[in-house]
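Tertiary structure, described
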Amino acid sequence: MKEGKSKKTIVRVFGGIGIFLILLSAFLLLLPYIINLGPVKERILTYLSQKVGGRVNFQKVDISYFPHSLVVIHQPSLSIPEKVTGTLVSATVSPEILSLLRGKIRISRIQIEAPNITLMLPEKPWKKEEKTKPFSPAFLGQLLAPVLGLLESKLPNLAVQVEKGKLNLLEGNRSIFWFQDIQAKMMLPPEELTIDLTCQSNLWQNIHVEGRVDSRNLTVQGQVDLTAFRPHVLTRYLALPIPLRVGDSQADLKLSFQTDGQRSLQAEVQGSIPFLTLRRGDGKLVLKGGKLAGRLSMEGD
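Residues numbered from 1 in each chain as written. Predicted model: local features only at pLDDT ≥ 70, side-chain atom pairs only at ≥ 80, totals over all residues. Heavy atoms only, no water.

Brief notes about helix H5 (residues 231-238)
Every buried residue of H5 is accounted for by Pro231, His232, Val233 and Tyr237. Its buried side turned inward, H5 meets strand E9 (159-171), strand E10 (174-187), strand E13 (220-229), strand E14 (245-246) and strand E15 (250-259). Where H5 ends, the next residue or the one after it, Ala239, has phi of about 45 degrees, a positive value. (Buried < 20%, exposed > 50% of the residue type's maximum accessible area, 1.4 Å probe, protein only. Helix = DSSP H or I, 4+ residues; strand = E, 2+ residues; numbered from the N terminus. Contact = heavy atoms within 4.5 Å.)

In structure tokens:
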């Protein structure tokens, strides 16, 4: 008699598990259709728009579970008045299945395809009479520590990839700086943050940035390679109140740097200057075929 009851209990347990799995599978299969339903989609967009203080939109969402879990958001867009507008061809998010089963959302990878972002530049900093803290290795550590801590707690081991990006910086209705063909890869902590980025710009022909930050001791290592850097584009925007101005110029630069935690900063720059134009009043001086080499060392606070 007891043996019969035990068998019935086991059958009920496994039957309940089976029904749960069937319902869960049905829900997962229907989830993309639910999200893309007009009323549901509108509520999601309204919630997101309220959170960012602007307008968020997307065309549709696709979800797949095999062979890997993927959420593909097609043609998302963002608009915050007088601050930023942006569109993407798609954003692909890879959540961790085991974390979802535990009731937590943890993302392992994000791939952003063809972002096109426009940012409004703030007021030029020298127009405001505010005291700024001087730069130092310790100050850099104070900036990095909370950011790395937040990334480690919220988005550990997240890999981010950006393909064919564009960024436009505006002052009023005028484009000041633009960046295109942005290719970037970034891996977030727990152990270290790494970044590899290339792009073209009106500031240079090409830039390649490699960097690594150890979140345990806040050491930073990096290298920046600049091809056909145009310093006059930057100085023209800055319009610093000095009599000597930089005219049409071009330089190829390689900058390497590293910090020993918050104790010291070492940097080295090497490069060539095909031509450099200096202007003062109506006069100008053009230098050609120059070489550049220098080192910087900072200690303590």
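Comments concerning the environment of Ala251
Within the secondary structure, Ala251 is located in strand E15. With sequence-adjacent residues up to four places away left out, Ala251 is seen in contact with Leu226, Thr227, Ala228, Phe229, Ser272, Ile273 and Pro274.

Comments concerning the confidence of the model for the protein chain
When pLDDT is averaged along the protein chain, the result is 79, and 76% of the positions lie at 70 or above. Per-element confidence in the protein chain is highest for E13, whose mean pLDDT is 95, and lowest for helix H1 (residues 2-36), whose mean pLDDT is 50. Scored below 50 in pLDDT, residues 13-30 shows one contact in the model against residues more than four places distant or in partner chains. (pLDDT = per-residue confidence, 0-100.)

A word on the pattern of salt bridges
Tallying each qualifying case throughout the model produces six salt bridges. The shortest N-O distance in the salt bridge between Asp62 and Lys60 comes to 3.8 Å. Among the salt bridges present, the one from Arg174 reaches Glu171, with a minimum N-O distance of 3.3 Å. (Salt bridge = Lys/Arg side-chain N within 4 Å of Asp/Glu carboxyl O.)

Observations concerning the packing of aromatic side chains
Tallying each qualifying case throughout the model produces two aromatic pairs. Ring centres 5.3 Å apart and planes at 75 degrees place the aromatic pair Phe177 and Tyr237 in the edge-to-face group. Placement of the pair is Phe177 in strand E10 and Tyr237 in helix H5, with a sequence separation of 60 residues. Accessibility assignment for this pair places Phe177 and Tyr237 in one class, buried. (Phe/Tyr/Trp six-rings, centres within 6.5 Å; stacked < 30°, edge-to-face > 60°.)

Here we look at the environment of Leu169
Tracing the backbone through its elements, the reader meets Leu169 in strand E9. For Leu169, a relative accessible area of 13% puts it in the buried group. Residues Leu169 and Ile117, 52 residues apart in the sequence, show an inter-C-alpha distance of 8.6 Å. In this view, Leu169 contacts Leu119, Leu121, Arg174, Ser175, Ile176, Phe177 and Phe179; residues no more than four positions away in its chain are not counted.

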